[in-house]
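One letter stands for each residue in the lines below.
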Amino acid sequence: MEIESIESYPIKIPLKTPVSFSNRTIHFRDHAITHVRTASGLEGVGYSLGYEAAELVADAVESRLAPALEGEDPRDTERLWEEMYEGNIQIGRTGLFLRAISSVDIALWDLKAKAAEQPLYKLLGAHADAVPTYASGGYYRDDKGHEGLREEINRYLDEGHDAVKMKVGRRSIPEEVERVEAVREEIGPDRTLFLDANGVWSSAPEGIRACKAFEPYDPYFMEEPVMIDRVETMAQVNDAIDYPVATGELEGTRHDFANLYDQGAAGILQPDATVCGGITEWLRIAKYASAYDVPIAPHYNWNLHASLVGSVENGMIVEYFYRDMDVKVFDEVVADPLGPNDEGMIELPDTPGHGVELDEDALEEFRV
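A.B. asks: Explanation requested: the overall build of the protein in the structure shown.
C.D. replies: What the protein contains, in helices and strands, is 12 helices and 11 strands. Its C-alpha atoms give the protein a radius of gyration of 20 Å, near enough to 21 Å, the size a compact globule of 368 residues would have. Structurally, the protein occupies a C-alpha span of about 60 × 40 × 35 Å along its principal axes. Counting all 368 residues of the protein, 58% fall into the buried class.

A.B. asks: What is the right way to read a negative patch on the surface from this model?
C.D. replies: A cluster of like negative charges, contributed by Asp336, Glu357, Glu360, Asp361, Glu364 and Glu365, occupies part of the molecular surface. Along the polypeptide, Asp361 turns up in helix α12 (residues 360-366). Residue Asp361 is classed as exposed on the basis of its relative accessible area of 66%.

A.B. asks: Is there a simple way to think about the sheet that holds strand β3 (residues 43-49) in this case?
C.D. replies: Note: strands within a sheet are paired through backbone hydrogen bonds, in either parallel or antiparallel orientation. One open sheet holds the three strands; their spatial order is β1-β2-β3, and the pairing between them is antiparallel. Two strands bound the open sheet, and with one partner strand each, they are β1 (3-20) and β3. The sheet shows a mean angle of 20° between the axes of neighbouring strands, taken without regard to direction. Strands β1, β2 (25-38) and β3 of the sheet are contacted by helix α3 (residues 95-115), whose axis makes an angle of about 150° with β3.

A.B. asks: Looking at this structure, I do not really get the environment of Leu250. What am I missing?
C.D. replies: Tracing the chain through its elements places Leu250 in the loop between β8 (245-247) and α9 (254-262). It is 7.7 Å that separates the C-alpha atoms of Leu250 and Cys276, two residues lying 26 residues apart in sequence. With sequence-adjacent residues up to four places away left out, Leu250 is seen in contact with Arg99, Glu224, Ile228 and Val275.

Criteria and cut-off values
Residues numbered from 1 in each chain as written. Predicted model: local features only at pLDDT ≥ 70, side-chain atom pairs only at ≥ 80, totals over all residues. Heavy atoms only, no water. Helix = DSSP H or I, 4+ residues; strand = E, 2+ residues; numbered from the N terminus. Rg over C-alpha atoms; globule rule 2.2 N^0.38 Å. Buried < 20%, exposed > 50% of the residue type's maximum accessible area, 1.4 Å probe, protein only. Patch = residues over 30% accessible without salt bridge, like charges linked within 9 Å, V, L, I, M, F, W, Y side chains within 5 Å. Areas by Shrake-Rupley, 256 points an atom, 1.4 Å probe, with all protein chains shown as cover. Salt bridge = Lys/Arg side-chain N within 4 Å of Asp/Glu carboxyl O. Lys, Arg positive; Asp, Glu negative; His and termini not counted. Charge placed at Lys NZ, Arg CZ, Asp CG, Glu CD. Pairing = 2+ DSSP bridges. Axes fitted to C-alpha atoms, helices over the stretch in contact; angles between N-to-C directions. Contact = heavy atoms within 4.5 Å.

The structure is reproduced here in structure tokens:
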């Protein structure tokens, strides 16, 4: 088997109305889409969220990675990962370039599973056939007050979810406490509440003060209380509060995740395969974490992450966004999106590959 060509390009999907979290407002979602094709006609698909730079990710794939991989066997994922990473280490240890590597590596694994005629999670070991999800939301919109937040949370409960996540950190601590209190009242004492601050607090005292204010409402974890680069600060927050810090959605390779955990900065790790180096590196991170009984709860991309969580013994839960909430909109280009059943579980796809088939017409509509 031989790689004949690699193509990558950006897509841009507008939101109907802007949506905000603690420190940013989003008007659209862009992704880099990567196709790896073989001479025999097999094709693997990879992708990564662009955060308004998807064209740069796609350019990196086509200018730096494609020439090095054409003619290679796509099943050699370990060797090709090292060649992509080591061959560009001066310019691409993390960030944008690692997203480019991620999109190619995901496509390679899709190809490998298709060639083996197996679903990805079965090829990886199949620890489970279905995985739990939590409904992710609680974003800020200009016309959405406490009642709107309560209505949103109740919709998630009606869908069968026992766990929900909400954004915090955009408003004052007293105002945020009122929002958290409102959500806890709606979900009751026995369901799970996750919080996400997107790195908004600038110091340990500020982050600790905010996190402690939420303790009476029994959060299960606080995601990114401070920016991920402030590992020592995050460790101080993690040590000071009664519930764990979760982080990793913007983090790089296994070495970065090892540093996070070794310094006590997090009790739950959230690697994103479209960010950390693809499926190859995601598996390395998960295996490292399993040695310390650390749960893995990956960020976003449920269509792919469901199969990965279902393949490891320390897979905890998958994040899920409802399309009509108009926050994460990648399902707009997925031909048959995965979704939770009425018990909040995603049943893993049984088709060969990773199961994320893209809609060619939709891709063309949103292609930049």
